[in-house]
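The residues making up each chain are set out below.
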Amino acid sequence: MSNTETPIKKEQSTIPTAENKKGIDNHIQAAKHLEEASKHHLDAAKHHEAGNHDKACASTIKAQGHTALANEHQKEDVKHHALNN
């Protein structure tokens, strides 16, 4: 049995370039919108439990809006990775 080491790809610089900052921002914004969507879904569930279906509907629409915004940020990041890899 030989003791060969697997070559490890060297990490790029840890200093974010303008290009990397855009990707970082997309991840942060997507995460923030997903957190907001989660909060609104939990609110919708509470409203349904309380019988306030109109409020539940409004919370669901807000959740869907935040999910759509998160998806836009995710798409931008995927485009960036597809074009630069």
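Basis of the calculations
- Residues numbered from 1 in each chain as written.
- Predicted model: local features only at pLDDT ≥ 70, side-chain atom pairs only at ≥ 80, totals over all residues.
- Heavy atoms only, no water.
- Helix = DSSP H or I, 4+ residues; strand = E, 2+ residues; numbered from the N terminus.
- Buried < 20%, exposed > 50% of the residue type's maximum accessible area, 1.4 Å probe, protein only.
- Contact = heavy atoms within 4.5 Å.
- Areas by Shrake-Rupley, 256 points an atom, 1.4 Å probe, with all protein chains shown as cover.
- Expected span 1.5 Å × (residues − 1).
- Axes fitted to C-alpha atoms, helices over the stretch in contact; angles between N-to-C directions.
- Parallel < 35°, antiparallel > 145°, perpendicular 65-115°, else oblique.
- Left-handed = near helix turned anticlockwise from the far one by under 90°.
- Nonpolar A, V, L, I, M, F, W, Y, C, P; charged D, E, K, R; others polar.
- Salt bridge = Lys/Arg side-chain N within 4 Å of Asp/Glu carboxyl O.

A. Highlighting the overall build of the chain. Along its length, the chain carries 2 helices and 0 strands. In the chain, which comprises 85 residues, the proportion classed as buried is 16%. Long-range pairs, those at least 24 residues apart, make up 61% of the contacts in the chain with a sequence separation of at least 6. Of the roughly 7100 Å² of accessible surface on the chain, 56% is carried by carbon and sulfur atoms.

B. Structural view of helix 2 (residues 53-84). In a regular helix each residue adds 1.5 Å, so 32 residues correspond to 46 Å; helix 2 covers 46 Å between its end C-alpha atoms and thus fits that length. Those residues of helix 2 that fall on the buried side of the exposure criterion are Ala56, Ser59, Ala63, His66, Ala70, Asp77 and His80. Contacts made by the buried residues of helix 2 are with helix 1 (18-49).

C. Representation of the environment of Thr60 within the structure. Take Thr60: it is sitting in helix 2. Along the sequence, Thr60 and Ala45 sit 15 residues apart, while their C-alpha atoms lie 9.0 Å from each other.

D. Region of interest: the packing of helix 1 against helix 2. Close contact between helix 1 and helix 2 brings their axes to 7 Å; oriented N to C, the two are set at 160 degrees. On the basis of their axis angle, the class for helix 1 and helix 2 is roughly antiparallel. Judged by the sense of rotation from one axis to the other, the crossing of helix 1 with helix 2 is left-handed. Residue classes in the contact of helix 1 with helix 2 are distributed as 8 nonpolar, 20 polar and 7 charged.

E. Layout of the side chain of His40. Mapped onto the fold, His40 is located in helix 1. Discounting chain neighbours no more than four positions away, the residues touching His40 are Ser59, Lys62, Ala63 and His66.

F. Representation of the pattern of salt bridges within the structure. This model, assessed by the stated rule, comprises 3 salt bridges. In this structure, Glu76 and Lys79 form a salt bridge, with 3.2 Å as the shortest nitrogen-oxygen distance. A residue pair is termed a helical-turn pair when its members lie 3 or 4 positions apart in one helix, as Glu76 and Lys79 do in helix 2 at 3 residues. For Glu76, a relative accessible area of 34% corresponds to the partly exposed category. Using a relative accessible area of 47% as the deciding quantity, one classes Lys79 as partly exposed.

G. Broad picture of helix 1. Taking 1.5 Å as the rise per residue, helix 1 with 32 residues should run 46 Å; its terminal C-alpha atoms sit 47 Å apart, in good agreement. Along helix 1, the positions that sit buried rather than exposed are Gly23, Asn26, Ala30, His33, Ala37, His40 and Ala44. In this fold, the buried residues of helix 1 make contact with helix 2. Just downstream of helix 1 lies Gly51, where phi reads positive at about 85 degrees.

This is a description of form; function is not addressed.
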